[in-house]
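Read off the chains here:
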Amino acid sequence: MKKTDEKYAAYVSILEEELMVAMGCTEPIAIALAAARARELLGEVPERLKVEASGSIIKNAKSVVVPHTGGLKGIEAAVAAGVIAGQASNLLEVISQVGEEEIQNIAVYLHDTPIDITRSESGLDFDLVVYAEAATHTASVRIAEYHTNIVHEECNGDVLLDVPLDHEGDTYVGLTDRSLLSVEDIWDFANTVDLADVHDLFARQIDYNYHIAEEGIQNSWGANIGSVMLNTYGTDIKVRACAMAAAASDARMSGCELPVVINSGSGNQGIASSVPIIEYARELGASEEKLYRALVLSALITAHLKTGIGRLSAFCGAVCAGAAAGAGIAYLEGGGYDDAVHTLVNALSITAGIICDGAKPSCAAKIAFAVNAGILGHNMYKSGQQFYAGEGIVKQGVESTIQSVCRVGREGMRSTNDEIIDIMLGSPGC
């Protein structure tokens, strides 16, 4: 792909938009971001707060540990952390700079301050409003469609910001048009991109995501899925690739205070789409250039898949990232375009039924199985095996299969998402 091609600049922009740094699970961190900004608008510490959030945000924030809170979990902890220690200008690193005294103050504030949580009726999968009140002042902040997209701000009844929501197809306000993505063009871009244009993004991804993987494997976090896998199945590269990704997720879900480079709004997707490739590159002795191009391929395929599904769904995002990682591994091992495409289709066929029931330690196990599906999908094709059009949701051509998967994730699983949320919130009969 030539630099003069409009898609070249768009693909670089998409990578810049997606490969953000975040500390902590991104849904509670988005809540902390909104709370921090509401406090800034209010000009003082709120005495009362209300959070109105879509069901998928509630689902993903309910059970995960919020970093720099002393092990506190949930929406209320995220709000308190944002109010007491948040710096909104840091976006998804909003609570990355927190002292010991502030950690203690977060717990006290959480204990003493009314924080009401209600479910949004807006119909958006990603919608979040934080209302803050003090004795004589009020403020509110709304984030919608994606994690850093502040679309509305009010202070004392005065509207300070109001951005219309006109999401159409693959386009969000403020983001590059994702409809320009296709697997064929992504393959072309990955093979021809001037690495100087993306070097810093991927150097940071390698540094951050592998660092938290090492932390997860060396110490006790969550359910220790990575360590269990290594102790049970051995240390073959196929196991290590899954185990290291799982270990990074376990640490992140359990409050590890190390940053992660995310993808499509998710740290777990950022981990699953990168750590297995880094592990394989080390095993194979791949050059830095080969590693970077494999990571470009995986990152953009992940974004392509998630665009059609949406930021939040009952469809586990690790499925997309694990399949994309498989394509990246195929590239590292010298595979061509057909290898990458068939790896992708095979992997999606295997794990497309994994549900997302919120952020918590079991995400690590789901990542391990999604990455394993990517590796299996690759080895199937190397062995002359594949899944064919007409079998289940597999269609003729990779883009048609992706459309099938995205339809299941976005439309088919809406009622599933509602049931999962009802179960998690303890509705009658559950």
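Residues numbered from 1 in each chain as written. Predicted model: local features only at pLDDT ≥ 70, side-chain atom pairs only at ≥ 80, totals over all residues. Heavy atoms only, no water.

### Observations regarding the overall build of the protein
Each helix and strand counted, the protein has 17 helices and 8 strands in total. Against the globule reference of 22 Å for 430 residues, the protein gives a C-alpha radius of gyration of 21 Å, in line with a compact fold. The principal-axis extent of the C-alpha atoms belonging to the protein is close to 70 × 50 × 45 Å. Within the protein, the proportion of its 430 residues that are buried is 58%. Across the protein, contacts joining residues at least 24 apart in sequence account for 76% of those joining residues at least 6 apart. As presented, the protein carries roughly 16,300 Å² of accessible surface, and 48% of it is formed by carbon and sulfur atoms. (Helix = DSSP H or I, 4+ residues; strand = E, 2+ residues; numbered from the N terminus. Rg over C-alpha atoms; globule rule 2.2 N^0.38 Å. Buried < 20%, exposed > 50% of the residue type's maximum accessible area, 1.4 Å probe, protein only. Contact = heavy atoms within 4.5 Å. Areas by Shrake-Rupley, 256 points an atom, 1.4 Å probe, with all protein chains shown as cover.)

### A word on the side chain of T401
You can see T401 is positioned in helix α16 (residues 398-412). Residue contacts for T401: discarding those within four places in its chain leaves V345, I393, V394 and K395.

### Notes on the pattern of salt bridges
Tallied over the entire structure, the rule returns 22 salt bridges. The salt bridge involving R119 is made with D418; its shortest N-O contact spans 3.1 Å. Of this pair, R119 sits in strand β3 (residues 115-119) while D418 sits in helix α17 (residues 414-424), placing them 299 residues apart in sequence. Residue class for D418 comes out partly exposed when judged on its relative accessible area of 36%. A salt bridge links K382 to E333, with the shortest nitrogen-to-oxygen separation between them at 3.1 Å. One end of the pair, K382, is in helix α15 (residues 362-382); the other, E333, is in the loop between α13 (317-332) and α14 (337-351), with 49 residues separating them in the sequence. (Salt bridge = Lys/Arg side-chain N within 4 Å of Asp/Glu carboxyl O.)

### Remarks on the environment of A107
Topologically, A107 is positioned in helix α5 (residues 100-112). Measuring from C-alpha to C-alpha, the distance between A107 and T69 comes to 7.3 Å, with 38 residues separating the pair along the chain.

### Some words on unusual backbone geometry
Glycine aside, negative phi is the norm for most residues, and most peptide bonds take the trans geometry. For H68, which is not glycine, the phi dihedral falls at a positive 60°. Of note, H68 is situated in the loop between α3 (55-61) and α4 (74-85). Phi at E145 takes a positive value of approximately 75°, unusual for a residue other than glycine. When you line up the elements, E145 lands in the loop between β5 (138-144) and β6 (150-155).

### Focus: the sheet that holds strand β4 (residues 127-133)
Strand order in the open sheet made by the 6 strands is β3-β2-β4-β5-β6-β7, with mixed pairing throughout. Each edge of the open sheet is held by one strand with a lone partner, namely β3 and β7 (158-162). The mean inter-strand angle of the sheet, taken between neighbouring strand axes irrespective of direction, is 10°. (Pairing = 2+ DSSP bridges. Axes fitted to C-alpha atoms, helices over the stretch in contact; angles between N-to-C directions.)

### Brief notes about helix α12 (residues 288-309)
Side chains three or four residues apart in an α-helix point the same way, a direct result of the helix having 3.6 residues per turn. Helix length check: α12, at 22 residues, gives a terminal C-alpha distance of 32 Å against a target of 32 Å (1.5 Å per residue), a fit within 8%. With 18 of 22 residues buried, α12 is to be regarded as a mostly interior element. Positive backbone phi, at 110°, marks G310, one or two positions downstream of α12. (Expected span 1.5 Å × (residues − 1).)

### Description of the nonpolar core
Within the largest apolar cluster, 96 residues are counted, with the highest numbers of intra-cluster contacts made by Y11, L15, F189, F202, L300 and L344. Among the elements that line this core, the one with the most residues is α12, at 12 residues. One finds L42, V79, L92 and Y109 within the second-largest nonpolar core, a separate group that totals 47 residues. (Core = buried A, V, L, I, M, F, W, Y, C linked by side-chain atoms within 4.5 Å.)

### Section: the packing of helix α1 (residues 6-18) against α12
Helix packing geometry: the angle between the two helix axes and the distance between the axes. The N-to-C vectors of α1 and α12 enclose an angle of 80°; their axes lie 11 Å apart at closest approach. Judged by the inter-axis angle, α1 sits roughly perpendicular to α12. Contacts between α1 and α12 involve Y11, I14, L15 and E18 from the first element and V296, A299, L300 and A303 from the second. When grouped by side-chain class, the residues that make up the contact of α1 with α12 number 7 nonpolar, no polar and 1 charged. (Parallel < 35°, antiparallel > 145°, perpendicular 65-115°, else oblique. Nonpolar A, V, L, I, M, F, W, Y, C, P; charged D, E, K, R; others polar.)

### Details of the packing of aromatic side chains
Under the definition given, this model contains 4 aromatic pairs. Note on Y11 and F189: the rings are 5.4 Å apart at their centroids and 70° apart in plane angle, and the pair reads as edge-to-face. Pair noted here: Y11 is in helix α1 and F189 is in helix α6 (residues 183-192), with a separation of 178 residues, a long-range link. A relative accessible area of 0% places Y11 in the buried class. A relative accessible area of 0% places F189 in the buried class. The ring of Y210 carries the charged tip of R282 above its face, separated from the ring centre by 4.0 Å. (Phe/Tyr/Trp six-rings, centres within 6.5 Å; stacked < 30°, edge-to-face > 60°. Lys NZ or Arg CZ within 6 Å of the ring centre and 35° of its normal.)

### Comments concerning the side chain of S120
Mapped onto the secondary structure, S120 falls in the loop between β3 and β4. For S120, a relative accessible area of 10% puts it in the buried group. Separated by 3.1 Å, the side chain of S120 and the backbone nitrogen of S122 make a polar contact. Beyond its immediate sequence surroundings of up to four residues, S120 is in contact with E52, A53, S54 and D127. (Polar contact = N/O pair within 3.5 Å; in protein donor to acceptor, adjacent residues only side chain to side chain.)

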